[in-house]
Structure formats: structure tokens, C-alpha cells
Amino acid sequence: MEHLIGRKVLADVINKYGVTIIPAMTVLNEDSVKLLYNHRIDESTLALEPLPAQREASSQNRKLLKQTVTRSKELFESISDSGRIPLTNIRQEILPAVRDLSGNPDLFELFEIVKAKDDYTFEHNIGVGIIATLIGSWMNLSEEELSTLSLAATLHDIGKVKVPAAILNKPGKLTDEEFEIVKKHTVYGYELLKDAAGINPRVALVALQHHEREDGRGYPHGLEKSRIDPFSAIVAIADIFHAMSSKRPYREATPFHEIVAQMRQGKFGDLNPQIVSLFLDNLMKKLLGRQVVLTDGRAAEVVYLNPHNMEAPLVKAGEQFIDLSKIRNVQIREIALV
């Protein structure tokens, strides 16, 4: 454990008897590392301050995202003015960043970074592009398919350039009439993309279909499963996850456990079940060993995933083991970042 010397613990280190042996914010030295060893503390359970290299990588990722959102906004606004898609700029300036950010090995840091905070419309475009690219990589898409998916996901809401800004940026709930106007962004996007030179036709289909649902209750055409392009199904899942994870003027971000449960239960309409399962299962597998915050405010560690109910794992809070599948009034509110 000598490699831990100089690292700072961010939470109290508690032994098996419930006694705090090292308080939070302590910088570990030779004596405290011996204490960890003598009390048989598993170092994987320690909440440690990130190393400088980790902090630098996180800082660079946030900077890259901000730059990409800013440039994306400029390019989308040029589309609004000219009606032309600056495809070369998007491929050279936007997509490399989308692909790079989607490769972040810390999945939950990635999700935190891409949450929309200030400029929802344009942050959402990039966030969905990143999450959809991640899903596509989990599906082992070919390089060509993944490039097409990244472009389609990043441009999925391009039709919103034709929706009045006053409606898009409205801080409260939309009226029925306003929502009908917003729904037209799918058709507007398709019209912008379908004849654009150098763009795969599937990109236009994603713009048109990403709000379709497999039971035929989506929009704009009420398509059923067999008529929905698989890329549209991927983007629909990324779209929902990013939107629900982000804070909006009229609502707070939805807690992690609610997003996962609602997606699994089809609360957002019938999504492709195979892709939903792939996404959520991969998400939950990354939770094993992670520090989380429960809905009652307690810090805990995920120690076991129930294969029959992965959304409700076994967690350890202090010395108490809690089976979240049996205690329904406590769930995972958020994932702590390392």
C-alpha cells in the first residue's frame, strides 16, 4: 500500500467495528498506510482525491466539450441563416471531439461532463452524439457505421434551427400548441439533411425518427418497430438519457435510479428493448465497486450486482450491507466521482 502515501482520503475510513481510523481529508503518510494494512482495509473502497494526471485529464475533457459546444452553436446558427449543412466543418471540428470524449474510461465522469448546464440545445446535441457513439461502440459497429451514427446523433435535432428560439428557450412547460410546433423539428431536420451532398441517408432518417416508438405512439409518423432505423433507436435512448440527466429551467435533473428504472420500464415509450438492455446493463456493470450517494443521503459502495435486478444492487454503507432490491424506499441518487 506504499503507493498510497501522499494521497488524500475524501471520506472517513471506517474499520469493521464501525470506528473511524482515518478522518476525511487526511493526507496519507507511512503511519496511516500501516493503519490501513493492520485493519485490513481494502484500498479499492477508499475515496481518494484524484491524482494530478486524472484531474488534468478531466479538466481537458471539460475544456474540449465547452469548445465543441461553442463551435457547434456557430455552425448550427450558420445553417439557420443559409440552409446549408457545413459538413466539412462538422466532420473536421466536431466529430473528432465527439469520438474522443466518448472514449473516456470513467463512464460516470463522462456523463457528468456532458450534462447540459447553460446552453441546453447545443450541449444536448453534443451530449447525445457522445452517448450514442458510446452505445454504438458497445454494439461493435464497424468504423464506417460508427462514423455515420456519430454524425446522425450530433445532428439529430438540427431541425430545431427552424423552431422559434422563444419556444425552445421557454423556461416553463410548453402549451399544446407550442409542443406541436416543436414536434415539427423532426420533419424540418429531415428536409435539411435528405438532399445534402455527402451525407448518408440514414443521417436524415435519424433526424426524422428519433422520437418514434416501437408501439407506434411516437412522432411524427407513428412508425412501428420494423420501420424504425436501428440508428434512430440508438439515438432515441441517448436522447432520453441525456435529457433526463440534465437540469432544465423548469425541473431538476432526474435522480440516477429513476432514469434507469423508467427506461427499463418503458416510461418514455417503447424503446428498442435489446439496445435498452445493452445500455443499462453496461451502465450498471460499471457501478461495481463505485462509491454512490443513496436517496437518504448516505454514502455507500456497490459491492454486488443482482443479475435478476441490476438496478437494485447490494451496497455497503459503513459496515451495513443494504439490498436495494428489498428496501424500496432507498435507492441510488447519484454516483460519486473519483
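In the block above lies the structure referred to throughout.
Quick caveat, the model's predicted, so the values are computed rather than measured.

Focus on the packing of helix α11 (residues 230-245) against helix α13 (residues 273-285)
When two helices pack together, their arrangement is captured by the angle between the axes and the distance separating the axes.
Then, number 1: Their axes nearest at 10 Å, the elements α11 and α13 cross at an angle of 45 degrees. In terms of orientation, α11 lies oblique with respect to α13. Between α11 and α13 lies a crossing of right-handed hand. Packed against α11, whose contacting residues are P230, A233, I234, I237 and F241, the element α13 presents I275, V276, F279 and L283 at the interface.
Then, number 2: For the contact of α11 with α13, a count of residues per class yields nine nonpolar, no polar and no charged.

Section: the layout of surface pockets
Then, number 1: Of the voids in this model, the largest pocket is the one considered here, and its volume is about 1200 Å³.
Then, number 2: T45, L46, A47, L48 and Q291 are the residues nearest the centre of the largest pocket, which is lined by 44 residues in total.
Then, number 3: Counting residues per element, the ones that place at least two in the lining of the largest pocket are β1 (13-14), α2 (52-82), β3 (291-294), β4 (299-304) and β5 (314-317).
Then, number 4: For the lining of the largest pocket, the element with the highest residue contribution is α2, accounting for six residues.
Then, number 5: Residue composition of the lining of the largest pocket, grouped by class: 19 nonpolar, 11 polar and 14 charged.
Then, number 6: Approximately 830 Å³ is the volume attributed to the second largest pocket.
Then, number 7: Around the second largest pocket, the lining is made up of 26 residues, and of these F179, H211, Y219, R248 and Y250 lie nearest the centre.
Then, number 8: Elements with a minimum of two residues in the lining of the second largest pocket: α5 (120-138), α7 (165-168), α8 (176-183) and α11.
Then, number 9: At four residues, the largest contribution of residues to the lining of the second largest pocket is made by α11.

Quick notes on the nonpolar core
Then, number 1: By size, the foremost hydrophobic cluster in this structure holds 79 residues, and its most contacted members are F279 and L283.
Then, number 2: Per element, the largest residue contribution to this core is 10 residues, and it comes from α11.
Then, number 3: If you look at the next biggest cluster of nonpolar residues, it comprises 11 residues, including V9, V13, I22 and L36.

A short note on the environment of Y17
Then, number 1: Within the secondary structure, Y17 is located in the loop between β1 and β2 (20-22).
Then, number 2: With 299 residues separating them in the primary sequence, Y17 and K316 have C-alpha atoms 14 Å apart.

Cut-offs and rules
Residues numbered from 1 in each chain as written. Predicted model: local features only at pLDDT ≥ 70, side-chain atom pairs only at ≥ 80, totals over all residues. Heavy atoms only, no water. Axes fitted to C-alpha atoms, helices over the stretch in contact; angles between N-to-C directions. Helix = DSSP H or I, 4+ residues; strand = E, 2+ residues; numbered from the N terminus. Parallel < 35°, antiparallel > 145°, perpendicular 65-115°, else oblique. Left-handed = near helix turned anticlockwise from the far one by under 90°. Contact = heavy atoms within 4.5 Å. Nonpolar A, V, L, I, M, F, W, Y, C, P; charged D, E, K, R; others polar. 1 Å grid on protein atoms, 1.4 Å probe; cavity = no way out; pocket = protein on both sides within 12 Å on 5 of 7 lines; lining within 4 Å. Points joined across faces, edges and corners; volume = space filled by probe spheres on them. Core = buried A, V, L, I, M, F, W, Y, C linked by side-chain atoms within 4.5 Å. Buried < 20%, exposed > 50% of the residue type's maximum accessible area, 1.4 Å probe, protein only.

Treat this as a map of the structure, not an account of what it does.
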